[in-house]
Structure formats: structure tokens, C-alpha cells
Amino acid sequence: MYWAPHHVARLWGVKSIYITENGTSAADEPAADGSVYDVDRIMYLRNYLTHLQRATSEGIPVRGYFLWSLMDNFEWSDGFEKRYGLYRVDFKTQRRTPKLSAAFYRETIKRNAVA
């Protein structure tokens with residue numbers, strides 16, 4: 001998230017960069033209290049967004065970042081085995097539960113800075 005935008009901007013002279021569908025999968029499971037403590041996803045996002053913020057502070061023209069994904073879904077390579085979203089989806093009941101990463105990302109967006 002630091003070097004890729006740098007190379008794109010410098011090598012090709014692009015004026016706008018949009019990072020799309022960036023995220024990570026995990027075997028998210030609800031804890032006994034029903035919450036999903038996906039600390040691994042938070043650490044991933046904190047690391048990536050910190051490096052992206054570093055690049056933009058140096059003038060790299062990143063105009064947008066789109067996290068993959070809002071909710072757990074079917075993935076072609078993993079099916080329903082791995083989870084990608086900020087909200088856990090119970091595929092039997094369709095109930096959606098915000099994960100800890102949803103709160104982290106909400107604060108990051110609110111501050112427009114890595115929380």
C-alpha cells in the first residue's frame with residue numbers, strides 16, 4: 001500500500017489512484033458473547049491504511065479506497081469457508097453481526113485517519 005501507488009504515480013504519471021477491493025480473509029467465529037473479535041483483520045487494515053496514509057502524505061494521488069468487503073459472502077476460491085466482511089453473516093438465518101473491525105473502520109472513516 002505504500003510502494004504500489006508510488007510506482008503507479010511515478011512510472012505512469014497517473015493523476016488519480018483508486019484502491020478497490022482490498023481486504024483479507026479469516027476464519028471469523030463468534031465468541032461466547034456473540035461478538036466477533038477479528039483482531040487479525042484490524043491489524044491488517046491498520047497496517048495497510050497506515051502505509052497508504054504515508055503515501056498520500058507524500059503527495060501520491062490516491063483519491064479513494066474501497067474495502068473488500070462490507071459483509072461475508074461467497075467467494076469463488078473459498079466458497080463460504082473464509083470470511084471477508086466487516087459484518088458476519090449467518091448464512092442460515094441471514095442475521096448480520098458487526099465485527100470488531102466494523103467499529104475500527106467506522107472510527108477510521110470518521111477521523112479520516114487511522115484510528
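Criteria and thresholds
- Residues numbered from 1 in each chain as written.
- Predicted model: local features only at pLDDT ≥ 70, side-chain atom pairs only at ≥ 80, totals over all residues.
- Heavy atoms only, no water.
- Helix = DSSP H or I, 4+ residues; strand = E, 2+ residues; numbered from the N terminus.
- Buried < 20%, exposed > 50% of the residue type's maximum accessible area, 1.4 Å probe, protein only.
- Lys, Arg positive; Asp, Glu negative; His and termini not counted.
- Charge placed at Lys NZ, Arg CZ, Asp CG, Glu CD.
- Pairing = 2+ DSSP bridges.
- Right-handed = clockwise from strand over helix to strand, strands pointing away.
- Salt bridge = Lys/Arg side-chain N within 4 Å of Asp/Glu carboxyl O.

Asker: Could you give me a rundown of the overall build of the protein chain, with the residues and numbers involved?
Answerer: For the protein chain, the helix and strand inventory stands at 3 helices and 4 strands. Overall, the protein chain shows an N-to-C arrangement of helices and strands of α-β-α-β-β-β-α. Its C-alpha atoms give the protein chain principal-axis dimensions of about 50 × 30 × 20 Å. The buried share of the protein chain, taken over its 115 residues, is 37%. If you average the places of the 16 positive and of the 13 negative side-chain charges in the protein chain, the two averages end up 7 Å apart.

Asker: Any chance you could break down the pairing of strand β2 (residues 62–67) for me, citing the residues and the numbers?
Answerer: The side chains of a regular strand alternate between both faces of the sheet. Bridge analysis of strand β1 (residues 17–22) against β2 gives 4 bridges, and the strand direction is parallel. When the sheet's bridge partners are listed, Tyr18 is paired in β2 with Gly64. In this region the chain leaves β1, passes through helix α2 (residues 39–57) and returns to the parallel neighbour β2; the handedness of that crossover is right-handed.

Asker: Quick rundown of the pattern of salt bridges? Include the residues and the values.
Answerer: On inspection of all chains with the given rule, the structure shows 9 salt bridges. As a salt-bridge pair, Asp38 and Arg41 come within 2.8 Å of each other at their nearest N and O atoms. Note that Arg111 is salt-bridged to Glu107, the shortest N-O span being 3.7 Å. Linking Arg111 with Glu107, this pair stays in helix α3 (residues 100–111), spanning 4 residues, or about one helical turn. The exposure class of Arg111 is exposed, given its relative accessible area of 54%. A cluster of three or more residues bridged by salt bridges with shared partners is formed by Asp28, Asp38, Arg41, Asp72, Arg83 and Lys99.

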